[in-house]
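Residues per chain, in single letters:
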Amino acid sequence: MSPEMLKTEIDRAEDAELQSDEQLRKLPDLIDKASTPNATLSASDCAKLVTAALSVNERLRERTSKLRNSLNSALRSAPPTSGPKS
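Residues numbered from 1 in each chain as written. Predicted model: local features only at pLDDT ≥ 70, side-chain atom pairs only at ≥ 80, totals over all residues. Heavy atoms only, no water.

Draft legend 1. Inspection of the overall build of the chain at higher detail. Helix and strand counts for the chain come out as 2 helices and 0 strands. By its C-alpha atoms, the chain is 75 × 20 × 15 Å across when sized along the principal axes. The contacts of the chain with a sequence gap of at least 6 include a subset with a gap of at least 24, amounting to 72%. Taken as two groups, the 13 positive and 13 negative side-chain charges of the chain have centres that lie 6 Å from each other. (Helix = DSSP H or I, 4+ residues; strand = E, 2+ residues; numbered from the N terminus. Contact = heavy atoms within 4.5 Å. Lys, Arg positive; Asp, Glu negative; His and termini not counted. Charge placed at Lys NZ, Arg CZ, Asp CG, Glu CD.)

Laid out in structure tokens, this is it:
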């Protein structure tokens with residue numbers, strides 16, 4: 001994959017990470033709602049949601065890290081560009 005494409009993929013991966021982080025920040029509110037009487041979510045449901053959200057977040061971070069490593073490798077192996085001509 002070209003460095004430009006990798007940069008685009010990294011941007012997308014970072015956006016996905018931010019969205020996942022935002023969802024994780026909302027989980028305590030969800031857990032609080034589950035602890036009320038007449039809650040529609042059980043403790044088991046909350047545990048499943050938290051586990052799934054953490055797993056997705058970790059996979060997104062791993063993907064971003066792999067993309068960054070790929071970009072660094074691509075940039076190291078790219079032929080040097082010539083500087084400005086005088």
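Draft legend 2. The pattern of salt bridges, seen in detail. Considering all chains together, one arrives at 6 salt bridges under this definition. For E14, the salt bridge identified is with R68, shortest N-O distance 2.6 Å. Taken together, the residues E14 in helix α1 (residues 3-34) and R68 in helix α2 (residues 43-77) connect sequence positions 54 residues apart. In this structure E14 comes out as partly exposed when scored by relative accessible area, which is 28%. Here the salt bridges do not stand alone but share partners, grouping E9, R12 and R63 into one network. (Salt bridge = Lys/Arg side-chain N within 4 Å of Asp/Glu carboxyl O. Buried < 20%, exposed > 50% of the residue type's maximum accessible area, 1.4 Å probe, protein only.)

Draft legend 3. Structural context of the environment of E22. On the secondary structure map, E22 appears in helix α1. Counting along the chain gives 31 residues from E22 to A53, while the straight-line C-alpha distance between them is 11 Å.

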